[in-house]
Amino acid sequence: MSNHQTEFEDFFQASWEPCLRAVVAVVGSQELAEDQVAEAFARAWASWRKVRHHPAPRAWVVRTALNSGASWWRRRPRELPLAGHDQTASADDLDTGLDATLLTAIWRLPSRQREVIALRIFLDLDTATIARQLGIEAGTVRMHLSRAVTALRRELAPAKNTEARQ
Amino acid sequence: MNVHDNISDTDVVLAASDSLSGMRVGGPPEVAAIMARGRARRNRRLSAAAGLSVAAAAAVTAVTLGLTAGSGPAPALGTIRTAAFTLASNSNGTATLTINPTELLDSAALQSDLAKYGIPAKVTTGSLCISDPVPAGFSQVVSSSPAGPSTATPQAVAKPTITIDPAALPAGTELSVGNFQLSSGQQQADFLLIDSSSYTCSSTPPDPNSLPGGYGPNDGIGLLYGGPGPGGS
């Protein structure tokens, strides 16, 4: 077995789950995310000589996965029920034990904000790396992150208020 | 004071991170399968670089398909002849489909007959079904080469050949064939792979010289045939 093959296998085993979570956070469907992430890893192996030198190969996989289904998941949020009717089928599509309210709030974010959230939170990338991945300025990343966090905070507040009253 | 004011950015980030903590991940797929898929993609890319472009097929005047069964050799069905196409099995497990450019394609009959050869297909007239994302593997499943009468004479009923190897058809995919009657009098047939569980159909014919958005030059074949144009009858 070649070193490259061993290296890719190790990368795949270690990265599958975090990449999957990041993509689920953006596309809102575990089944779709699994397909897209599998395709992205296949592409990573096809271009492993390049990807292995990438500064953030997991981010490469996530971006590739998202790009492979870009138009689908960008349409997706507009198909979700509006606020106030937000116990959505999408959140329920996933296994139980998830924070459906917060997930729904993430999926309702604009696509770029969802990408930033996914790369920051689920891949733990810093602002500069996210900026390089998305081809945008670091300041723009901070702006998207700030707006996303603000929007998510609004979703968290009612729950916290409920807790406070109890 | 509203609790809203007391929720820090860190709280939000942690909560968002925790929101997927309960997701059950059934383990990654077999890495060997992923690598095989990657190798297939790399091989297709190399083939494309070697000049196996399907773009030249966009101006042909008739279609012949060579087919093999999806999970093994094609059944020995002999030859099925209709006014619009002929579908014949070959001894090596392949089958050959020839579309008659002077007749309108009967999509229901073609879909049914392809199924008899073990070829899963979605054949439509006046629309084309596509998937997003595009399933990989088309150029391994389908290839084309000229056959039959020369296409040099515009009025000739030429019969180029498209060979399909459904053994290479990725799991969960099928062939999408969309046939359009154009205002020019020609017919346009587009051949793509789709995800059997996720596709949409559009009544707008793709540009005859290209494929639908999202589909690259190795992801499908578009053909013009019949009518008053080159190769028409």
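Residues numbered from 1 in each chain as written. Chains lettered and ligands numbered in written order. Predicted model: local features only at pLDDT ≥ 70, side-chain atom pairs only at ≥ 80, totals over all residues.

*Asks:* Help me out: how do you make sense of unusual backbone geometry in this one?
*Replies:* Keep in mind that most residues, glycine aside, have a negative phi and that most peptide bonds are trans. Cis geometry is found at the peptide bond from Asp132 of chain B to Pro133 of chain B, where omega equals 15°. Relative to the assigned elements, Pro133 of chain B resides in the loop between β6 (128-130) and α4 (138-141). Phi at Asp124 of chain A is positive, roughly 55°, even though this residue is not glycine. Relative to the elements of secondary structure, Asp124 of chain A occurs in the loop between α8 (111-122) and α9 (127-134). Asp124 of chain A gets classed as exposed once you count the C-beta atoms within 10 Å, which come to 12. (Helix = DSSP H or I, 4+ residues; strand = E, 2+ residues; numbered from the N terminus. Buried ≥ 20, exposed ≤ 12 C-beta atoms within 10 Å, placed from the backbone.)

*Asks:* Mind showing me how you'd approach helix α3 (residues 107-116) of chain B here?
*Replies:* In an α-helix there are 3.6 residues to a turn, and that puts residues three or four apart on one side. Residues and elements named next belong to chain B. Listed in full, the buried residues belonging to α3 are Leu110, Asp113 and Leu114. Looking straight down α3, one finds that the buried residues subtend no more than 105° of arc, so they occupy a single side. In this structure, the buried residues of α3 make contact with β2 (79-81), β3 (85-89), β5 (121-125) and β9 (173-181). (Arc of directions from axis to C-beta. Contact = placed C-beta atoms within 7 Å.)

*Asks:* Is there a simple way to explain helix α7 (residues 100-108) of chain A in this structure?
*Replies:* Counting buried residues along α7 of chain A, 7 of its 9 residues qualify, which places the element largely inside the surrounding structure. The set of residues buried in α7 of chain A consists of Leu102, Leu103, Thr104, Ala105, Ile106, Trp107 and Arg108 of chain A.

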